[in-house]
Amino acid sequence: MGFARTCSVALVGVEGVVVEVQADLEPGVAAFTLVGLPDKSLTESRDRVRAAVVNSGAQWPQKKLTVGLSPASVPKSGSGFDLAVAASVLGAAERIDPRVLADIVMIGELGLDGRVRPVRGILPAVLAAAEAGYEQVVVPECAAAEASLVPGVSVLGVRSLRQLIAVLADEPVPEEEQDLQGRPDPLMAGLRMPGTGAATGMHSMEAAQDHGHDLADVVGQESARTAVEVAAAGRHHLFLEGPPGAGKTMLAERLPAILPRLCRAESLEVTAVHSVAGLLPPGKPLIDVAPYCAPHHSATMQSLVGGGPGIARPGAVSLAHRGVLFLDETPEFSSHVLDALRQPLEAGHVVIARSAGVVRFPARFLMVLAANPCPCGRFSRTDELCECPSSAIRRYQARLSGPLLDRVDLRVEVERVTRSQLAGDGPRGDSTGAVADRVRAARDRAAARLAGTPWRSNSEVPGRELRSRWRAAAGALDEAERSLERGVLTARGLDRVLRVAWTVADLVGHDRPDARDVALALQLRTGVPRGVPMALGALA
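Described below are features of the structure shown in this document. Think of each chain on its own: its residues are numbered from 1, step by step along the sequence as written. Predicted model: local features are reported for residues with pLDDT of at least 70 only, side-chain atom pairs are reported and counted for 80 or more only, and whole-chain, interface and lining totals are derived from all residues. The basis for every side-chain value is the complete set of heavy atoms in the structure, and neither hydrogens nor water enter the calculation.

### Focus on the overall build of the protein chain
Here comes step 1: Each helix is a run of DSSP H or I of at least 4 residues and each strand a run of E of at least 2, with the numbering of both proceeding from the N terminus. Within the protein chain, the secondary structure is distributed over 24 helices and 19 strands.
Here comes step 2: For the protein chain, the spread of C-alpha atoms along the principal axes amounts to about 85 × 50 × 45 Å.
Here comes step 3: Only protein chains enter the accessibility calculation, which uses a 1.4 Å probe. A residue is then buried if its area is under 20% of the maximum for its type, exposed if over 50%, and partly exposed in between. The buried share of the protein chain, taken over its 540 residues, is 51%.
Here comes step 4: The contact definition used throughout considers only heavy atoms, calling two residues in contact when any of these lie within 4.5 Å. Within the protein chain, contacts between residues separated by at least 24 positions form 72% of all contacts whose residues are at least 6 apart in sequence.

In structure tokens:
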């Protein structure tokens, strides 16, 4: 009787569970049994592993073979267990010393010819192995850079099963033929899901810069530019309302470029989500810039929040984690889809319950909503170009529920661009680089103030802390408190005005918010003029 064991990782969302893969050989009729709650793709690994072992020059054991995946109560899915199953079988057959396999975690899919293909979720799987105390990991060669992002783990990248056998058996490692130059590597196909990039509207800050997206390109819109800068500095949600062609989408597309680069911990969080979704940029395993996700208004709840058949997959809110989620033509989204955003906006994560298990995805994003004032888009308080009946305008604007808008810190009306502005007669606004520097300085001030607390930006600080621990200047909140008494603001709205006021103070260099900072925050929150200039430089 032969027995061997090694380890792999089962992913549930972006969290991993180390699974012990055990192989047992007994005398009897040749058979291959796989137990331990596998799904269909994992059950099919029996044929893939057998063909890969034979085509790698090893002998398949002609005995009764049982492979167990422990713990058996955890659902296992995907083809990432192939490498561990093959290694445990070869260990039980004594082709490899079983003692060498015991403390190694193996992740990878096997082709019928023995080549090792990458799978989605390499980074979260290696993170789970490191947290469990494992120090050696075997992954596909093309995913070794992604696995190496985890500190304290020795990563071995192999291109084929025969290479792994040679390394573990202390034999000369054979050279594998490289694919022809100029052709895409077929092994990289396992790292991406076809069509997902276009479907989610994903791009990063670097992609925006490559396309020449600069904030100075936006004509006019001083109020909206100020709101975008405040949103970036404090991670406040933003609602832009205005006629078509005024620049709402341009402002949203340029927002990620003024956000600071992600720190190491944030980069690992974002990369783990994108690895599970199959959206990692080719040749760049670590995402260190703010992602940008702009789903179409026909998106379903599963595509926006996450879900799908079997084990749930991350949705747009998770793909925008630590970045920007832009919902253009927001009233055209389903009301059920929009209301599903309430939980991630408050909690910073999404919990999805399915029959196969409960999955938790991170979803701490900066949300930007854009909408026309009416179905035709020409409604204005000053012009009479709109032909929509008042009832249609009310129905259109009512598609955005009050509870959702109450969670939005900044609401700005984007004005129609005039001919003189398009002709370039007025001064141009600041460039992306200049605004990004101010945002970075404001973030640094907030980080210094919040040091030693669990919060990292002004939008995360609870209202009770702002009212007791970090107070505004004397008399600064008088107007905001009167708005609360008149019902213009809710209690949540007052807290959000305080957060925005602290962000404004950080941008203009004040030690704490004064009356003008709070007045600007109220103006950005309610859209009602408060007699303060919208330019931040006038408040310094």
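### Observations concerning helix 24 (residues 515–526)
Here comes step 1: Expected span, for any helix, means 1.5 Å times one less than how many residues it has. Over its 12 residues, helix 24 runs 16 Å from end to end, which matches the ideal 16 Å to within 8%, given 1.5 Å per residue.
Here comes step 2: Taken across its 12 residues, helix 24 has 9 buried, putting it largely inside the fold.
Here comes step 3: Taken as a whole, helix 24 has its buried residues at Asp517, Val518, Ala519, Leu520, Ala521, Leu522, Gln523, Leu524 and Arg525.
Here comes step 4: Contacts from the buried residues of helix 24 go to helix 10 (222–234), helix 18 (402–406), strand 19 (410–413), helix 22 (478–485) and helix 23 (491–508).
Here comes step 5: Structurally, the start of helix 24 carries an N-cap: the backbone nitrogen of Arg516 is 3.2 Å from a side-chain oxygen of Asp514.
Here comes step 6: Just downstream of helix 24 lies Gly527, where phi reads positive at about 80 degrees. Identification of polar contacts relies on pairs of N or O atoms within 3.5 Å, with a donor-acceptor requirement for protein atoms, meaning one able to donate a hydrogen and the other able to accept it, and with residues adjacent in sequence counted only if both atoms are side-chain atoms.

### Describing the environment of Leu268
Here comes step 1: Within the secondary structure layout, Leu268 lies in helix 12 (residues 264–277).
Here comes step 2: Taking relative accessible area as the criterion, Leu268 reaches 15% and is therefore assigned buried.
Here comes step 3: Remark: the alpha-carbon pair of Leu268 and Ile287, spanning 19 residues in sequence, is separated by 7.7 Å.
Here comes step 4: Setting aside anything within four residues of it in sequence, one finds Leu268 in contact with Leu123, Leu149 and Leu286.

### Remarks on the packing of aromatic side chains
Here comes step 1: What counts as a ring pair is set by centres within 6.5 Å for rings of Phe, Tyr and Trp (its six-membered ring), and what kind of pair is set by the plane angle: stacked under 30 degrees, edge-to-face over 60, tilted for all other angles. By the definition in use, this model includes 3 aromatic pairs.
Here comes step 2: Between the aromatic rings of Trp455 and Trp470, the centroid separation amounts to 6.5 Å while the plane-to-plane angle is 80 degrees, which identifies the pairing as edge-to-face. Of this pair, Trp455 sits in the loop between helix 20 (432–449) and helix 21 (463–468) while Trp470 is found in the loop between helix 21 and helix 22, placing the two residues 15 residues apart along the sequence.
Here comes step 3: Here Trp470 falls in the buried class, since its relative accessible area comes to 12%.

### Side note on the nonpolar core
A general feature of soluble globular proteins is that nonpolar side chains tend to end up buried together.
Here comes step 1: Val230, Leu238, Leu240, Leu255, Val368, Val518 and Leu524 are the most contacted members of the largest nonpolar core, which totals 59 residues.
Here comes step 2: With 9 residues, helix 23 is the single largest residue contributor to this core.
Here comes step 3: Ignoring anything within four residues of it in the chain, the contact list for Leu240 reads Ala224, Lys248, Leu251, Val368, Leu369, Ala370, Ala371, Val412 and Val414.
Here comes step 4: Nine residue types can take part in a nonpolar core, namely buried Ala, Val, Leu, Ile, Met, Phe, Trp, Tyr and Cys, and a core is a set of them joined through side-chain atoms within 4.5 Å. Judged by nonpolar contacts, the second largest core, of 39 residues, contains Ala4, Leu34, Ala58 and Val67.

### Details of the pairing of strand 15 (residues 324–327)
Side chains on a regular strand alternate between the two faces of the sheet.
Here comes step 1: Alternating positions in strand 15 separate into two faces, Val324 and Phe326 on one and Leu325 and Leu327 on the other, with burial throughout.
Here comes step 2: Two strands form a pair only when DSSP identifies at least two bridges running between them. Pairing geometry for strand 12 (residues 291–293) and strand 15, over 2 bridges, is parallel. When the sheet's bridge partners are listed, Cys293 is paired in strand 15 with Leu325.
Here comes step 3: Here 4 bridges tie strand 15 to strand 18 (residues 366–371), and the two strands are oriented parallel to one another. Residue pairing across strands places Leu327 opposite Leu369, the latter belonging to strand 18.

### A look at the environment of Asn55
Here comes step 1: Summarising the element assignment, Asn55 is placed in helix 2 (residues 45–55).
Here comes step 2: Exposure remark for Asn55: the relative accessible area of 43% places this residue in the partly exposed category.
Here comes step 3: Remark: the alpha-carbon pair of Asn55 and Leu338, spanning 283 residues in sequence, is separated by 52 Å.
Here comes step 4: Sequence-distant contacts of Asn55, defined by excluding residues within four places in its chain, comprise Leu112, Asp113 and Arg162.

### What to know about helix 7 (residues 161–168)
Here comes step 1: Burial analysis of helix 7 places 6 of its 8 residues in the buried class, which makes it a mostly covered element.
Here comes step 2: After helix 7 finishes, the residue Asp170 shows a positive phi value of roughly 60 degrees.

### Side note on the packing of helix 10 against helix 20
Here comes step 1: Axis definition: a line fitted to C-alpha atoms, over the contacting stretch in the case of helices. Angles run 0 to 180 degrees between N-to-C directions. Contact pair helix 10 / helix 20: the axes reach a minimum separation of 8 Å and the direction vectors enclose 40 degrees. When the interaxial angle is binned, helix 10 and helix 20 end up oblique. When the axes of helix 10 and helix 20 are compared, the crossing they make is right-handed. Between helix 10 and helix 20, the contacting residues are Glu229, Ala232, Ala233 and Gly234 on the first element and Val435, Arg438, Val439, Ala442 and Arg443 on the second.
Here comes step 2: When residue character is reported, Ala, Val, Leu, Ile, Met, Phe, Trp, Tyr, Cys and Pro are called nonpolar, Asp, Glu, Lys and Arg charged, and the others, Gly included, polar. Across the contact of helix 10 with helix 20, the residue classes tally to 5 nonpolar, 1 polar and 3 charged. The cut-offs work like this: below 35 degrees is roughly parallel, past 145 is roughly antiparallel, 65 to 115 is roughly perpendicular, and the gaps in between are oblique. Note: crossing handedness is left-handed where the near helix turns anticlockwise from the far helix by less than a right angle, and right-handed where it turns clockwise.

### What to know about the side chain of His321
Here comes step 1: Here His321 is to be found in the loop between helix 14 (316–319) and strand 15.
Here comes step 2: Judged by its relative accessible area of 3%, His321 falls in the buried class.
Here comes step 3: A distance of 2.8 Å separates a polar atom in the side chain of His321 from a polar atom in the side chain of Glu269.
Here comes step 4: Apart from the residues lying within four places of it in its own chain, the contact partners of His321 are Glu269, Val270, Pro291, Pro362, Ala363 and Arg364.

### Comments concerning the packing of helix 5 (residues 122–131) against helix 12
Here comes step 1: Put simply, helix 5 and helix 12 touch, their axes get as near as 7 Å, and they point 120 degrees apart. By the angle between their directions, the pair helix 5 and helix 12 is classed as oblique. Across from Ile122, Leu123 and Pro124 in helix 5, the residues of helix 12 making contact are Leu268, Thr271, Ala272, Ser275 and Val276.
Here comes step 2: Among the residues making up the contact of helix 5 with helix 12, the classes are represented as 6 nonpolar, 2 polar and no charged.

### Thoughts on empty space enclosed by the protein
Here comes step 1: Think of a 1 Å grid over the protein atoms and nothing else: a 1.4 Å probe that fits but is trapped marks a cavity, an open set flanked by protein within 12 Å on at least five of seven lines marks a pocket, and residues with an atom within 4 Å of a point count as lining. Grid points are joined across faces, edges and corners, and a volume is the space filled by probe spheres set on the points. By the definition in use, this model includes 2 cavities of 30 Å³ or more.
Here comes step 2: There is about 40 Å³ of room inside the largest cavity.
Here comes step 3: Residue composition of the lining of the largest cavity, by class: 5 nonpolar, 1 polar and 1 charged.

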